[in-house]
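Residue-level structure breakdown
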Amino acid sequence: MSWQYKCSKCGSQVNPGDMVTLVAIRGGAQMLVGFHPEPGNYELYKPAGSEFEQGDTWDFFCPVCHTNLKSETHENLCELLQIEDGVRKRLFFSRIAGERATFVVREKDDDVEIHGDHSARYDATIQIKKS
Ligand SMILES: [Zn+2]
């Protein structure tokens, strides 16, 4: 399985190696963080000494064009374009630290893959997407 992730705004690939690398900002704190490319794997790579308090809401930005990746679908979700083995999908992930909720929506037919222990919190949002 191979995944490419792109900024929906500028189209730049944000996982040039493997891990998805985004700018994270909250209050005065800003850093580069890496996410595992496999949906549902919540391993997080962050700079030494940095902390993500559970429940804190972060903003994530494209490292190339600096667009805020916050989704219009739900204020707690961010959105990226995912290309999995040539198939275009929209990937949504929670921007709340410690919240495991990821949705992958295939563009051609809106088929939805759901990952994470807390994904049910967004049932209403994702059901709307499916209908
Ligand atoms: Zn961008």
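This section reports on the structure supplied with the text. Just so it is clear, the model here is predicted, and its values are computed rather than measured.

This next bit is on unusual backbone geometry. We note that H66 has phi near 65°; this positive angle belongs to a residue other than glycine. In this structure, D110 is a non-glycine residue whose phi angle is positive, near 60°. Note on placement: D110 falls in the loop between strand 8 (102–106) and strand 9 (112–115). Overall, the presence of 11 C-beta atoms within 10 Å leaves D110 in the exposed class.

Attention now goes to the nonpolar core. For soluble globular proteins, nonpolar side chains are generally found buried alongside one another. In terms of nonpolar packing, the biggest core is built from 20 residues, with V14, F60 and L80 touching the most fellow members. Mapped onto this core, the elements with two or more residues apiece are strand 2 (20–26), strand 6 (77–84), strand 7 (87–94) and strand 8. Residues contacting V14, with those up to four places away along its chain left out, are Y5, K6, C7, V20, T21, L22, C62, P63 and L80.

Let's shift gears to the sheet that holds strand 6. Strand order across the open sheet formed by 5 strands is 1-6-7-8-9, with antiparallel pairing between neighbours. Pairing within the sheet leaves two strands with one partner each, and these edge strands are strand 1 (3–6) and strand 9. Ignoring which end each strand starts from, the neighbouring axes of this sheet average 25° apart. Across 4 bridges, strand 1 lies against strand 6 in antiparallel orientation. If you follow Y5 over to strand 6, its bridge partner there is Q82.

The rules behind each value
Residues numbered from 1 in each chain as written. Predicted model: local features only at pLDDT ≥ 70, side-chain atom pairs only at ≥ 80, totals over all residues. Helix = DSSP H or I, 4+ residues; strand = E, 2+ residues; numbered from the N terminus. Buried ≥ 20, exposed ≤ 12 C-beta atoms within 10 Å, placed from the backbone. Core = buried A, V, L, I, M, F, W, Y, C linked by C-beta atoms within 7 Å. Contact = placed C-beta atoms within 7 Å. Pairing = 2+ DSSP bridges. Axes fitted to C-alpha atoms, helices over the stretch in contact; angles between N-to-C directions.

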